[in-house]
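Observations on the model geometry
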Amino acid sequence: RSVEGSYVIECEAMQTGRAYGHRDLCFFFDWQDPAHFGYVHLATEADPNSHHIQIVDGADRSPVTTERTEGVDWGTNEWHDIRIERNVDTGTIRAFFDGTLVMEAVELRFGQGRVGLGSFDDQGRFRNLRISALR
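Let us look at the structure shown here.

Definitions and limits used
Residues numbered from 1 in each chain as written. Predicted model: local features only at pLDDT ≥ 70, side-chain atom pairs only at ≥ 80, totals over all residues. Heavy atoms only, no water. Salt bridge = Lys/Arg side-chain N within 4 Å of Asp/Glu carboxyl O. Helix = DSSP H or I, 4+ residues; strand = E, 2+ residues; numbered from the N terminus. Buried < 20%, exposed > 50% of the residue type's maximum accessible area, 1.4 Å probe, protein only.

To continue, consider the pattern of salt bridges. As enumerated under the stated definition, the model contains eight salt bridges in all. One salt bridge in this structure joins glutamate 10 and arginine 130, with 3.9 Å as the shortest N-O distance. One end of the pair, glutamate 10, is in strand β2 (residues 7-15); the other, arginine 130, is in strand β12 (residues 124-133), with 120 residues separating them in the sequence. Judged by its relative accessible area of 43%, arginine 130 is partly exposed. A salt bridge links arginine 109 to aspartate 57, with the nearest nitrogen and oxygen atoms 3.3 Å apart. Placement of arginine 109 in the loop between β10 (100-106) and β11 (113-118) and of aspartate 57 in strand β5 (residues 52-57) is noted, with a sequence separation of 52 residues between them. Note on aspartate 57: relative accessible area 34%, which makes it partly exposed. When salt bridges with common partners are traced through the structure, they connect Glu10, Arg83, Glu85, Arg94 and Arg130 into a single cluster.

And the structure:
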């Protein structure tokens, strides 16, 4: 779905892959084309490539995260509340996992575009997706 202006992505998510450090789900924003977009990468463990807010701008992904936790606990067969806030005026991106702020960044490169859900290497389930204006 294409989104204009500042918005919030909310859903319930369940990671269904095997347990390991990069176990993830991804939340895409500002998608322009396959070489220009951003995504929130929620992973079990933080490292140079995992559990970051990443930007793809005509090259390999690059983290723009300014603050983050050490990772998230996906558990087994557990639904988690996900909230991604995107303020296109200030560039702020904030990601919440079960009500706790787990990462944030400031990025003004794209500002609007499509949103999406998926994973970098794994499988997961999503339900109760809501996209609304950021207030």
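Still to come is the rest of the account.
With that settled, the discussion passes to unusual backbone geometry. In this structure, asparagine 77 takes a positive phi of about 55° despite not being glycine. As for its placement among the helices and strands, asparagine 77 is situated in the loop between β7 (65-68) and β8 (80-86). We classify asparagine 77 as exposed; its relative accessible area is 63%. In this structure, aspartate 98 is a non-glycine residue whose phi angle is positive, near 50°. Mapped onto the elements, aspartate 98 comes out in the loop between β9 (92-97) and β10. Residue aspartate 98 is classed as partly exposed on the basis of its relative accessible area, which comes to 40%.

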